[in-house]
Amino acid sequence: MANMLDETTGPIREEGRDVNVIDKQIPVKVGVGSTIFEIAPWVLFGLFLILGIVFFVIKLAIVGIVCMVLAVVGLIWGIVYFVQKMKARNYFRQLEQKIQSAASEIDNYLEQRVQILQNAAALVSKSVDLDKTTFTQIAAFRSGGAHIDDETRNLYQESIDSAYANLKVAFENYPELKSHNTIADAMQQNSYLQKEITAARAHYNDIVFMWNRDINAWPVKMIVAARAGYTSRIPFSASKEMKEAARAVFF
């Protein structure tokens, strides 16, 4: 049998392909089969328990014993499912806390980066006519004008990257700024924080992947996720400015 995907014969896309994170939360849904799975053990338990009692009453002991065994099987199935469901609920609650902790780590680094860029922007503006939107972008994050959540965190990252791009242009275009040690140190600290943010984002995305994978793990976790109204989470993605910078010519 031939390989379904053969990298030696193609087809290939010579021009390459860019990819983006899809900004969409997908709710978890289960069908009738999951409902049947949930109620089946208790139906088996109740039905065969009644049948077993009936058969014992009418002196059909062997059939009654079989029915009682099936009733016990249904009871065990139901108890095991109930325990697994409780474990799944606790697991998702703990995973949510991990996601919040990872998101908080990103926010802390972003806050440090904003503080550094704010100080650098103030120094740069004393030497050159800096774009006023740079201060607006930085101040917007510092003021806490909006709640930082999964949906808005990427937007703040993009705003900060945009502000940094304006500072970098000014820093590169005005040689006198490069001799300013405080500004040079700020730009270096910004580069360090960018690396820390990248690592924190990777950690956050790893946990988000676990969440998105497990809410779709049928039967128990998926059923619990659907009953709780959970949705998939959006991974932290690179901003437009960072993608454009990655495509730039460095040498």
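Look a little higher up for the structure.
Criteria and thresholds
- Residues numbered from 1 in each chain as written.
- Predicted model: local features only at pLDDT ≥ 70, side-chain atom pairs only at ≥ 80, totals over all residues.
- Heavy atoms only, no water.
- Helix = DSSP H or I, 4+ residues; strand = E, 2+ residues; numbered from the N terminus.
- Buried < 20%, exposed > 50% of the residue type's maximum accessible area, 1.4 Å probe, protein only.
- Contact = heavy atoms within 4.5 Å.
- Areas by Shrake-Rupley, 256 points an atom, 1.4 Å probe, with all protein chains shown as cover.
- Patch = residues over 30% accessible without salt bridge, like charges linked within 9 Å, V, L, I, M, F, W, Y side chains within 5 Å.
- Salt bridge = Lys/Arg side-chain N within 4 Å of Asp/Glu carboxyl O.
- Expected span 1.5 Å × (residues − 1).
- Bend = angle between axes of the 7 residues up to and from the residue.
- Core = buried A, V, L, I, M, F, W, Y, C linked by side-chain atoms within 4.5 Å.
- Polar contact = N/O pair within 3.5 Å; in protein donor to acceptor, adjacent residues only side chain to side chain.
- Phe/Tyr/Trp six-rings, centres within 6.5 Å; stacked < 30°, edge-to-face > 60°.

**Some points on the overall build of the protein**
Thinking step 1. Per the secondary structure count, the protein includes eight helices and zero strands.
Thinking step 2. Shown N-terminal to C-terminal, the secondary structure of the protein runs as helices and strands in the order α-α-α-α-α-α-α-α.
Thinking step 3. Every one of the 251 residues in the protein was classed for burial, and the buried ones make up 32%.
Thinking step 4. Nonlocal contacts in the protein, meaning residues at least 24 apart in sequence, comprise 76% of its contacts between residues at least 6 apart.
Thinking step 5. As displayed, the protein offers around 15900 Å² of accessible surface, 61% of which is attributable to carbon and sulfur atoms.

**A word on the side chain of N190**
Thinking step 1. Positionally, N190 belongs in helix α6 (residues 181–214).
Thinking step 2. Residue contacts for N190: discarding those within four places in its chain leaves R113, L117 and Y164.

**Topic: a nonpolar patch on the surface**
Thinking step 1. Nonpolar side chains collect at one region of the surface, where I50, I53, V54, V57, I58, L60 and V63 lie side by side and expose about 600 Å² of accessible area between them.
Thinking step 2. At four residues, the largest contribution of residues to the nonpolar patch is made by helix α1 (residues 32–57).
Thinking step 3. Within the secondary structure, V63 is located in helix α2 (residues 61–127).
Thinking step 4. Assessed through its relative accessible area of 35%, V63 is described here as partly exposed.

**Some details on α1**
Thinking step 1. The end-to-end C-alpha separation of α1 is 36 Å, in line with the 38 Å expected for 26 residues at 1.5 Å each.
Thinking step 2. Along its length, α1 shows its largest kink, about 40°, at I39, and proline P41 lies within four residues downstream of that point.
Thinking step 3. Taken as a whole, α1 has its buried residues at S34, E38, A40, P41, F48 and G52.
Thinking step 4. Residue K59 follows α1 closely and has a positive phi angle near 70°.

**What about the pattern of salt bridges?**
Where charged atoms from two side chains of opposite charge approach closely, those side chains can pair.
Thinking step 1. Counted by the stated rule, this structure contains three salt bridges.
Thinking step 2. In this structure, the salt-bridge partner of R227 is E38, at a minimum N-O distance of 2.5 Å. Residue R227 is found in helix α7 (residues 220–228), and its partner E38 is found in helix α1; the two are separated by 189 residues along the sequence.
Thinking step 3. Look at R227 and you get partly exposed, because its relative accessible area is 45%.
Thinking step 4. Since its relative accessible area comes to 15%, E38 is described here as buried.
Thinking step 5. R213 is the partner of D214 in a salt bridge, and the nearest nitrogen-oxygen pair spans 3.0 Å.

**Focus on the nonpolar core**
Thinking step 1. Counting residues in hydrophobic clusters, the biggest one holds 39 residues, and the most contacted among them are F92, Y204 and W211.
Thinking step 2. Looking at this core, the elements that each hand over two or more residues are α2, α4 (153–173), α6 and α7.
Thinking step 3. The biggest single contributor to this core is α2, with 16 residues.
Thinking step 4. Aside from chain neighbours lying at most four places away, what touches W211 is F92, L95, E96, I99, Y230, T231, S232 and R233.

**Focus on the side chain of D214**
Thinking step 1. Note that D214 resides in helix α6.
Thinking step 2. Here R213 takes part through its side chain, which lies 3.0 Å from a polar atom of the side chain of D214.
Thinking step 3. With near-sequence residues (within four places) excluded, D214 lies in contact with Y91, F92, K221 and M222.

**Focus on the packing of aromatic side chains**
Thinking step 1. Across all of its chains, the model carries eight aromatic pairs by this definition.
Thinking step 2. With a centroid separation of 5.5 Å and 55° between ring planes, the pair formed by F37 and W218 is classed as tilted. Of this pair, F37 sits in helix α1 while W218 sits in the loop between α6 and α7, placing them 181 residues apart in sequence.
Thinking step 3. Given the relative accessible area of 47%, W218 is considered partly exposed.
Thinking step 4. Measuring from centroid to centroid gives 5.4 Å for F92 and W211, while their planes differ by 70°, and the two rings are edge-to-face. Placement of F92 in helix α2 and of W211 in helix α6 is noted, with a sequence separation of 119 residues between them. Accessibility classification places F92 together with W211 in one group, the buried group.

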